[in-house]
Amino acid sequence: KGSFSRGPRGLEFEPVAPNTHDAVTVPRGFDQQVVMAWGDPIFRDAPAFDPRRQTAAAQLRQFGYNCDFLGLLPLRGGEYLMVVNHEYTDEQIMHPGYDPENPTREQVEIGWAAHGLSVVAVESQRRSGALKPVVGHQLNRRLHTNTPFELTGPVAGHPLVRTTADPEGRTALGTLNNCSGGLTPWGTWLTAEENFNQYFANADSVTDPVTAARLARYGVSGTETDRKWERFDDRFDLAKEPNEINRFGWIVEVDPYDPESTPKKRTALGRFKHEAAQPRLTSDGRVAVYMGDDERFDYLYKFVSDTQMRKGNSRKAREHNAQLLDSGTLYVARLTGDSPAEQIDGSGRLPRDGAFDGAGEWIPLVSGTRSHVPGMTAEEVLLFTRLAADQVGATKMDRPEDVEPSPVTGKVYVALTNNSNRGAAGAARADEANPRNANKHGHVLELTERHEDAAATRFSWNLLLVCGDPASPDTYFGGMDKRHVSPISCPDNLAFDPYGNLWISTDGNALGSHDGLFAVALHGRHRGLTQQFLTVPRGAETCGPHIDRSRVMVCVQHPGEVDGATAEAPGSTWPDGPGSIPRPGVVSVWRR
Ligand code: FEO
Ligand code: CA
Ligand code: CA
Ligand code: CA
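As the structure is a computational prediction, the values presented were derived from the model and not from experiment. (Residues numbered from 1 in each chain as written. Chains lettered and ligands numbered in written order. Predicted model: local features only at pLDDT ≥ 70, side-chain atom pairs only at ≥ 80, totals over all residues.)

## Describing the pairing of strand E26 (residues 491-496)
Part 1 of the reasoning: The buried fraction of E26 is high, at six of six residues.
Part 2 of the reasoning: Sheet analysis places E26 next to strand E27 (residues 502-506), joined by five bridges and oriented antiparallel. The residue bridging Asn-493 from the neighbouring strand is Ser-505, located in E27.
Part 3 of the reasoning: Counted along the chain from E26 to the antiparallel partner E27, the turn is five residues long, and its residue Gly-500 has a positive phi close to 90°. (Buried ≥ 20, exposed ≤ 12 C-beta atoms within 10 Å, placed from the backbone. Helix = DSSP H or I, 4+ residues; strand = E, 2+ residues; numbered from the N terminus. Pairing = 2+ DSSP bridges.)

## Comments concerning the pairing of strand E13 (residues 278-281)
Part 1 of the reasoning: When E13 meets strand E14 (residues 286-292), the two strands line up antiparallel, connected through four bridges. In the strand pairing of E14, Leu-281 is matched with Val-287.
Part 2 of the reasoning: Counting the residues in the hairpin turn of E13 and E14 gives four residues, including Gly-285, whose phi is positive at 85°.

## Brief notes about the sheet that holds strand E31 (residues 552-557)
Part 1 of the reasoning: If you trace the four strands from one edge of the open sheet to the other, you get E1-E32-E31-E30, paired in antiparallel fashion. Edge strands, defined here as strands with exactly one partner in the open sheet, are strand E1 (30-37) and strand E30 (541-547). Strand-to-strand twist in this sheet, taken as the mean axis angle between neighbours without regard to direction, amounts to 25°.
Part 2 of the reasoning: Inspection of the sheet shows E1 paired to strand E32 (residues 585-591) by seven bridges, in the antiparallel sense. Opposite Gln-32, over in E32, you have Val-589 as the bridge partner. (Axes fitted to C-alpha atoms, helices over the stretch in contact; angles between N-to-C directions.)

## Brief notes about the sheet that holds E26
Strands in a sheet are paired, the pairing made by backbone hydrogen bonds, and the direction either parallel or antiparallel.
Part 1 of the reasoning: Taken together, four strands build an open sheet; the order of strands is E26-E27-E28-E29 and the sheet is antiparallel. Edge positions in the sheet fall to E26 and strand E29 (530-535), since each has one partner strand and no second. Adjacent strand axes in the sheet meet at a mean angle of 25° when their direction is disregarded.
Part 2 of the reasoning: As judged from the four bridges shared by E27 and strand E28 (residues 516-520), these two strands associate in the antiparallel manner. Bridged to Leu-502 within E28 is Val-520.

## As for the environment of Arg-162
Part 1 of the reasoning: Here Arg-162 lies in the loop between strand E7 (148-152) and strand E8 (171-173).
Part 2 of the reasoning: Along the backbone, Arg-162 and Asn-246 are 84 residues apart, and their C-alpha atoms lie at a distance of 9.0 Å.
Part 3 of the reasoning: If we ignore the near neighbours within four places in the chain, the residues touching Arg-162 are Pro-167, Glu-168, Gly-169 and Asn-243. (Contact = placed C-beta atoms within 7 Å.)

## Some thoughts on the nonpolar core
Part 1 of the reasoning: Of all hydrophobic cores here, the largest spans 152 residues; its most connected members are Leu-365 and Val-414.
Part 2 of the reasoning: Considering each element in turn, this core owes the most residues, six residues, to strand E24 (residues 458-466).
Part 3 of the reasoning: Apart from the residues within four sequence positions on either side, Leu-365 is in contact with Leu-330, Tyr-331, Val-332, His-372, Val-373, Val-381, Thr-385, Ala-388, Ala-389 and Val-392. (Core = buried A, V, L, I, M, F, W, Y, C linked by C-beta atoms within 7 Å.)

## Overview of the environment of Arg-370
Part 1 of the reasoning: When you line up the elements, Arg-370 lands in strand E19 (residues 370-371).
Part 2 of the reasoning: Among the residues examined, Arg-370 registers 12 C-beta atoms within 10 Å and is labelled exposed.
Part 3 of the reasoning: As a C-alpha pair, Arg-370 and Val-381 span eleven residues in sequence and 9.7 Å in three-dimensional space.

## Remarks on the environment of Pro-263
Part 1 of the reasoning: Relative to the assigned elements, Pro-263 resides in the loop between strand E11 (251-254) and strand E12 (264-266).
Part 2 of the reasoning: Sequence separation between Pro-263 and Leu-151 is 112 residues, and the spatial gap between their C-alpha atoms is 8.9 Å.
Part 3 of the reasoning: With residues up to four places along the chain from it excluded, the contact list for Pro-263 reads Leu-143, Phe-149, Val-252, Glu-253 and Val-254.

Dropping the structure here:
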């Protein structure tokens, strides 16, 4: 499109054209490498990966499945700690000969081991952006479905989180469906438990109407689960262990620098289908954490801590910061448009003032152990946060995925991935913040806190992008001439490069080509310039992204996840090529 050579800093690349290659396609002049993929050894005693002879014992020592969040934390001497979420497993395309009606115990235990988190030290290489895993590094770690996690904050020990195995209600085994996350300024990793509902069987057997309504609001229904874990561990059966599910759906904090540390489920940040959590310091040095609940018509949240972060790495500072996320106020967002309602007709065309924009407020739900919601205790607000937010008039959004404050400006960006049900019979219609009915391609919202303080309870907002085919009149690219932008659909994860550009990865591209990664300029005459940096293989979504001065990294999640695919008839053969089973993996890309 001729713009790449004159573009803003950070966007000096020739955009990749939409395509359906079974490959990671990068701009001309860039090289790439798979840093690590499913089954690669993390510890020295890990066997080489053989998908036809995989075991649970091997999987516990290897990189897990379906990498999503990706973070790099600095170590000494050009080394980093790479921290990665393994959101879920896809048994049908993992195991040759898999029978979905009768999974074996070994296959189920491989699934338990392939979920969770990985911490892997990596070495940067001279003269390239490649990263080499340090197998057996003392900080390498796998956390999985049977690793102990401590429940902390107001809900820890509550009767609704006590189980047969844990009558104290303080130690949960495992973390599940960890989607995206964030890194804190005090050196820890936040990871978000998203679609935990799918792991728990027999919701239909629950007769107590209050419990049934709570389960329904979180999308827990039916009898058997797809993976059938309940056949091998009673805790996944609601008829036998009704409270186990209440120990999932939290933001988890991990200290990757201490391999002996017990990770914490931070109940003060509420329980919902957490997509991600990204902190920013408030003007007075406390910490705000921005979070989305990825469901059609669910909400945007913010937590603000009671106390300030302590700087430095002293033991006192570390002990203090380890309590930061246990007490504070949890808010939910209400957004109001400034254009007359009749100009928001659901078509996605701009209203007469030329912008989808308006004002908003953060409505407090709970402060520490004090509830702001009539009829609900503080612990109930935190356990059943969706039901609390329903009561206070929060704004129903089009699937809030990643929420990311800019480290340069403090403005907060929200990926609203899509909502096919917007405007459907009986559902909420388009409003100025979610301006398209049957929203196939999603949008990106820019939020400015009052006085640029992350602790503010008022904000203004506007839509930066209304995604889709730029040739279509229902799209908007920050005011940029749409002849110069790449088509983009279904924004999911967000990240910033060192120049302050927003990078967006997509999941579910509804324009007929593969998902990918895009860079968007935010400032000056280039605002809204959107360029595609890479595309991912067949059936994959693009996750992670991490951008620094040396490299762009993504997680290629669920390659080959297409209708009807099996391990014998794979939907993709990335990254190992013809005849292989697809493997989700981490990719690094750099300028040659
Ligand atoms: Fe796991 Fe909302 O994506
Ligand atoms: Ca307006
Ligand atoms: Ca996601
Ligand atoms: Ca996604």
